Amino acid sequence: MINMINKKENIFGDDIAFVENWDFSKANLNEENRILAITQVASICYQSPKALGSESLYNRLMAESQGLPSSSFEFVPVLLDFTNEKHKEILALEFSNTKKFGELICDGKYLLTNYRALVYDFENNPKEYSFDIRTTYNTLEECKIIEEYFKVFLFKVDFPTRSQMVRHRVNWQELSRRYVSGKRVPFDFYVSEKMKDVTTEYGNTQKILDICLEHYYKALEDGVKPQEARRIIPQAGYSQIWGGFQPTQLENYFKLRLDSHAQWEIRKTAEAMKELLGN
């Protein structure tokens, strides 16, 4: 039910960077799909393929951040219908995370929001509702609407490109180098054509990267934790990051990042996304 639709490889011309287009539209069809969606995101971030579908991981993420669920819960889109009596009760609260992090679609007939917002609202205002709003699921017909409006991508990009991307107010979840060491998942590096031949007394760009990696692994051998040792990793390092986009967010991303003034690397992410969507 949670599937990769298509993929654009080699977007930076180094056979490393890529963009994948994923279908999370049925993530709120039932509890099983929620667990699959949330652990799919988390399995990439913690590089634990065996965690896919794990209820124990799901429960741990639910209790993260002193009660506020992990941001991976934002990748479960929830469609609320203003004509549905139960949905109307959820929407009645004047100020809510459900509304704050939602977007009106289909000429205002629906609010597209996310499961994390529902959980947060219920846990902070349980007396405002006559039922547990966390049990709100969507029908297959509603999932078809979600499919049209909610887009999810998995990116592999370098740190500076990632830093530009996360300036957009989008649902993000990134590979955690706090927990995932270079021993378990080796580092890749992006070196642009102009940087390849830059040389100092310490060597060319690749030599500098090698020195930093050697220092990193020595730190691990000396008992330094990955969350400390990662500070020596250069900005050229690659990361993986999920992005979940609502319509206005995606439109804004394309508007800014397809512009000729945008840096080449992030422009390539936008071009790949549009191609994968068939635009």
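Nothing here was measured: the structure is a model prediction, and the numbers come from that model.

A.B. asks: Please explain the packing of aromatic side chains as it appears in this structure.
C.D. replies: A ring pair, where both rings are aromatic, is described by two values, the distance of the centres and the angle of the planes. If you walk through the whole model with that rule in mind, you get 19 aromatic pairs. Between Phe75 and Trp242, the ring centres sit 6.4 Å apart and the planes meet at 65°, which makes this aromatic pair edge-to-face. Here the residue Phe75 occupies a position in the loop between α2 (55–62) and β3 (77–81), and Trp242 occupies one in strand β10 (residues 238–245), the gap between them amounting to 167 residues. Note on accessibility: Phe75 and Trp242 belong to one class, buried. Cluster of aromatic residues (ring-pair linked, three or more members): Phe153, Phe155, Trp172, Phe245 and Tyr253. Lying across the ring of Phe18, Lys7 places its NZ or CZ 4.3 Å from the centre.

A.B. asks: Any chance you could explain the pattern of salt bridges here in plain terms?
C.D. replies: Pairs can form between side chains of opposite charge whenever their charged atoms are close. What the rule picks out here adds up to 15 salt bridges. Across the pair Glu174 and Arg162 runs a salt bridge whose closest N-O atoms are separated by 2.5 Å. Highlighted residues: Glu174 in strand β7 (residues 171–174) and Arg162 in helix α7 (residues 159–165), separated in sequence by twelve residues. Residue class for Glu174 comes out partly exposed when judged on its relative accessible area of 25%.

A.B. asks: Sorry, what's going on with the side chain of Gln164 here?
C.D. replies: Mapped onto the elements, Gln164 comes out in helix α7. A polar contact of 3.2 Å, which involves the side chain of Gln164, links it to the side chain of Gln263.

A.B. asks: Is there a simple way to explain a nonpolar patch on the surface in this structure?
C.D. replies: Together, Tyr202, Ile208 and Ile211 make up a nonpolar patch on the protein surface, roughly 280 Å² of accessible area in all. Structurally, the position occupied by Ile211 is in helix α9 (residues 205–221). Take Ile211: its relative accessible area is 39%, and that puts it in the partly exposed class.

A.B. asks: Can you walk me through the nonpolar core in this structure?
C.D. replies: As a rule of thumb, soluble globular proteins bury nonpolar side chains together. Trp22, Phe24, Leu79, Tyr115, Ile133, Val152 and Trp242 are the most contacted members of the largest nonpolar core, which has 38 residues in total. Of all the secondary structure elements, the ones that give two or more residues to this core are β2 (18–23), α1 (31–45), β3, α3 (85–91), β5 (110–114), α5 (115–124), α6 (140–149) and β6 (151–158). A per-element tally of this core places α1 first, with six residues. Apart from residues no more than four positions distant in its own chain, Leu79 is found in contact with His87, Ile105, Tyr110, Leu111, Leu112, Asn138, Glu142, Ile145 and Ile146. Ranked by size, the runner-up nonpolar core spans 23 residues in total, among them Trp172, Tyr190, Ile241 and Met273.

A.B. asks: What is the right way to look at α5 in this model?
C.D. replies: Residues that lie three or four places apart on an α-helix share one face, since the helix turns once every 3.6 residues. The buried fraction of α5 is high, at seven of ten residues. Among the residues making up α5, those that are buried are Tyr115, Arg116, Ala117, Leu118, Val119, Asp121 and Phe122.

A.B. asks: Please explain the pairing of β3 as it appears in this structure.
C.D. replies: In summary, the side chains of a regular strand alternate between the two faces of the sheet. By the criterion of burial, β3 is predominantly enclosed, with five of the five residues buried. What you see with β3 is no split at all: Pro77, Leu79 and Asp81 on one side and Val78 and Leu80 on the other are buried throughout. In this structure, β3 lies alongside β5, joined through five bridges in antiparallel fashion. Among the inter-strand pairings, Val78 is bridged to a residue of β5, identified as Thr113.

A.B. asks: What's the story with the sheet that holds β3 in this structure? I'm lost.
C.D. replies: Spatial ordering of the open sheet is given by β3-β5-β4, a layout of three strands whose pairing is antiparallel. In this open sheet, the two strands that pair with only one neighbour each are β3 and β4 (103–105). Geometrically, the sheet is characterised by an average inter-axis angle of 35° between neighbouring strands, direction not taken into account. The sheet strands contacting α6 are β3, β4 and β5, and the helix crosses β3 at an angle near 120°.

What counts as what
- Residues numbered from 1 in each chain as written.
- Predicted model: local features only at pLDDT ≥ 70, side-chain atom pairs only at ≥ 80, totals over all residues.
- Heavy atoms only, no water.
- Phe/Tyr/Trp six-rings, centres within 6.5 Å; stacked < 30°, edge-to-face > 60°.
- Helix = DSSP H or I, 4+ residues; strand = E, 2+ residues; numbered from the N terminus.
- Buried < 20%, exposed > 50% of the residue type's maximum accessible area, 1.4 Å probe, protein only.
- Lys NZ or Arg CZ within 6 Å of the ring centre and 35° of its normal.
- Salt bridge = Lys/Arg side-chain N within 4 Å of Asp/Glu carboxyl O.
- Polar contact = N/O pair within 3.5 Å; in protein donor to acceptor, adjacent residues only side chain to side chain.
- Patch = residues over 30% accessible without salt bridge, like charges linked within 9 Å, V, L, I, M, F, W, Y side chains within 5 Å.
- Areas by Shrake-Rupley, 256 points an atom, 1.4 Å probe, with all protein chains shown as cover.
- Core = buried A, V, L, I, M, F, W, Y, C linked by side-chain atoms within 4.5 Å.
- Contact = heavy atoms within 4.5 Å.
- Pairing = 2+ DSSP bridges.
- Axes fitted to C-alpha atoms, helices over the stretch in contact; angles between N-to-C directions.

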